[in-house]
Amino acid sequence: MKKYTKLENVGIINCDGESHYDNGAVKNVAHREYFQEALKGKRVLSDPLESAIAGETRVILAVPIYNQQKEIIGVLGGSYDIGNLNKIVFKNIYGGKGSTFIVSKDGRLITYDTAFKNKKILQAESIYSYFAGYDVLSTDKLQSLREKFTKQKKGYITLNYQNKKSYMAYYPLKINDWIMCYSIDADVAQESYTVIISLGYLLFTLFVLGLLVLLYTIFNINKKHQKNLLEYVRKDALTGIKNKETLKTEITNYLAKDKSQHTGALFMIDVDNFKMVNDLNGHVIGDEVLKAFGTLLKESFAIDDIVGRAGGDEFIVFVKEIEDEIQAQKKANEVCQKIREIYIEDFKGSISCSIGIAFYPKHGITFKTLYNLADQALYQTKNQGRNGYTCYIEK
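Residues numbered from 1 in each chain as written. Predicted model: local features only at pLDDT ≥ 70, side-chain atom pairs only at ≥ 80, totals over all residues. Heavy atoms only, no water.

1. Overview of the pattern of salt bridges
Counted only if it meets this: Whenever Lys or Arg places a side-chain nitrogen within 4 Å of a carboxyl oxygen from Asp or Glu, that contact is recorded as a salt bridge. Relative accessibility decides the category of a residue: with a 1.4 Å probe and only protein chains considered, values under 20% of the type maximum give buried, values over 50% give exposed, and everything between is partly exposed.
Under the definition given, this model contains 14 salt bridges. Residue K40 is joined to E37 by a salt bridge in which the shortest nitrogen-to-oxygen separation is 3.3 Å. The exposure class of K40 is exposed, given its relative accessible area of 59%. A salt bridge links K242 to E250, with the shortest nitrogen-to-oxygen separation between them at 3.3 Å. With a relative accessible area of 25%, K242 lands in the partly exposed category. Residue classification places E250 among the partly exposed residues on the basis of a relative accessible area of 29%.

2. Section: the environment of S99
Rules: A run of H or I in DSSP becomes a helix once it reaches four residues, and a run of E becomes a strand once it reaches two; helices and strands are each numbered from the N terminus.
Its place among the elements puts S99 in strand β8 (residues 99-103). It is 7.9 Å that separates the C-alpha atoms of S99 and Y112, two residues lying 13 residues apart in sequence.

3. Here's the deal with the packing of aromatic side chains
Note the cut-off: Only Phe, Tyr and Trp rings take part, Trp by its six-membered ring, and two of them pair if their centres are within 6.5 Å. Stacked means planes under 30 degrees apart, edge-to-face means over 60, and tilted covers everything else. Working rule: Lys NZ or Arg CZ, within 6 Å of ring centre, within 35 degrees of ring normal, means a charge sits over the ring.
Taken as a whole, this structure holds 11 aromatic pairs when the rule is applied. Between Y130 and Y161 the ring centres are 6.4 Å apart and the planes differ by 55°, which places this aromatic pair in the tilted class. One end of the pair, Y130, is in helix α4 (residues 127-133); the other, Y161, is in strand β10 (residues 155-161), and 31 residues separate them in sequence. Aromatic ring contacts, followed pair by pair, group Y130, F131, Y134 and Y161 into a single cluster. Here the basic side chain of K331 rests over the ring of F301, its NZ or CZ set 5.4 Å away from the ring centre. Over the aromatic face of Y379 sits the side chain of K382, whose NZ or CZ is 4.8 Å from the ring centroid.

4. Structural notes on the packing of helix α9 (residues 274-281) against helix α10 (residues 283-300)
Heads up, the condition is: Here, axes are lines fitted to C-alpha atoms. For helices the fit covers the stretch in contact, and angles between N-to-C directions go from 0 to 180 degrees. Working definition: roughly parallel below 35 degrees, roughly antiparallel above 145 degrees, roughly perpendicular at 65 to 115 degrees, and oblique for all remaining angles. Contacts: residue pairs with any heavy atoms within 4.5 Å of one another. Note on residue categories: nonpolar means Ala, Val, Leu, Ile, Met, Phe, Trp, Tyr, Cys or Pro, charged means Asp, Glu, Lys or Arg, and polar means any other residue, Gly included.
Direction vectors running N to C along α9 and α10 enclose 135°, while the axes themselves pass 7 Å from each other. When the interaxial angle is binned, α9 and α10 end up oblique. Of the residues in α10, those touching α9 at F274, V277, N278 and N281 are H283, I285, G286, V289 and L290. For the contact of α9 with α10, the class distribution of residues is five nonpolar, four polar and no charged.

5. Remarks on the packing of α10 against helix α11 (residues 325-340)
Worth spelling out the cut-off: Definitions for this section: a left-handed crossing has its near helix turned counterclockwise from the far helix by less than a right angle. A right-handed crossing has that turn clockwise.
Running from amino to carboxyl end, α10 crosses α11 at an angle of 145°, the nearest separation of the two axes being 11 Å. Between α10 and α11 lies a crossing whose hand is right-handed. Facing F293, L296, L297 and S300 of α10, the residues of α11 in contact are K331, E334, V335, K338 and I339. Its residues assigned to classes, the contact of α10 with α11 comprises five nonpolar, one polar and three charged.

6. A short note on the side chain of N281
Which entries qualify depends on this criterion: What qualifies as a polar contact is a pair of N or O atoms within 3.5 Å, subject to a donor-acceptor requirement within protein and to the restriction that residues adjacent in sequence count only when both atoms come from side chains.
Take N281: it is sitting in helix α9. Here the side chain of N281 touches V277 through a polar contact of 3.0 Å, landing on its backbone oxygen. Discounting chain neighbours no more than four positions away, the residues touching N281 are D346, F347 and K348.

7. A short note on the sheet that holds strand β14 (residues 306-311)
Put simply, the test is: Pairing between two strands is assigned when DSSP locates at least 2 bridges connecting them.
The five strands lie next to each other as β14-β15-β13-β16-β17, forming an open sheet whose pairing is mixed. Each edge of the open sheet is held by one strand with a lone partner, namely β14 and β17 (388-391). Recorded for the sheet is a direction-independent mean angle of 20° between the axes of neighbouring strands. Taken together, the eight bridges between strand β13 (residues 264-271) and strand β16 (residues 353-360) define a ladder with antiparallel strand orientation.

8. Re the pairing of β10
Pairing analysis gives seven bridges linking β10 to strand β11 (residues 164-172), with the strands arranged antiparallel. Among the inter-strand pairings, I157 is bridged to a residue of β11, identified as M168. Counted between consecutive antiparallel strands, the loop separating β10 from β11 contains two residues, among which Q162 sits at a positive phi close to 55°.

This is how it looks when you write it as structure tokens:
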């Protein structure tokens, strides 16, 4: 992991919280919130922490470790220097005359760029207390800002301090309820615009365009770097397709918003006898089987269909629109045929899969219902000898 990422202090943590780091250090982190959340099956990006190992301020990325029975047996964690995070997220705006910082929804300062010079904000308990203490915002505007931060809304606000006006644009990062903020003096923003038609348009044009540039800049920086920060949350690390949490979220959202109720199908797919595959070939080749199967599924279904790995050797596909149940059966038969044709160098044995199918809206209109019924059909396939598919039949 250290070879291919910028993570430092990578550690394996057992269920008692004892962390064994790559540099040989051992430390108990059972009290850390990131460990407790990861132990519940969540993928975590922590708030900044003081690292006792490195003596620096870092954020922690942590993910659960599962055994073959899909039980959590520990946590894998790695720290990332907050200074490097600043370099990734922040870039100078207006020649370094603007200030950029990240706050939590309760106003706590998470991190800031090197151009940030407002020591009074740094000393304040939160930006809310700073704005209130120095009369930067009226009570009504401060309350409105709190509400927008809490609801993770984007926008901008005009700040006044000691008869000096500045603009602050803010945009939610979708990480731990963090919000990125840009602050710039009004006169600096206005220096970039020299072409004006008349004095009547001057203030309006500069004000609007200055704020649009700020928001556009924030959007583009956020879009680029949020992808890097959140990629691990959405995808399965081994196969590159969606992970279980993303599968559940996307399918649930689709079902909640779908008004057409065209026939859809939820496929539950297991690689047959995967434990035997690992025993005969080793886990490295076993991983290659899973990666090849993930690629096969992605190529076998439409781009709008939701394809992912639920964990272990279990995969899920939700086909949003399908002609009829016969078409779903043809697709299941096609997948069964293709997996038997997968070629893995040095592989011993054969590869096959078992599939269970439940139909939307015939069998259910929620992810939980379709998942349970497809799971029942899957186990019926396994009881009938595997290497095939079964459509759920109402009893």
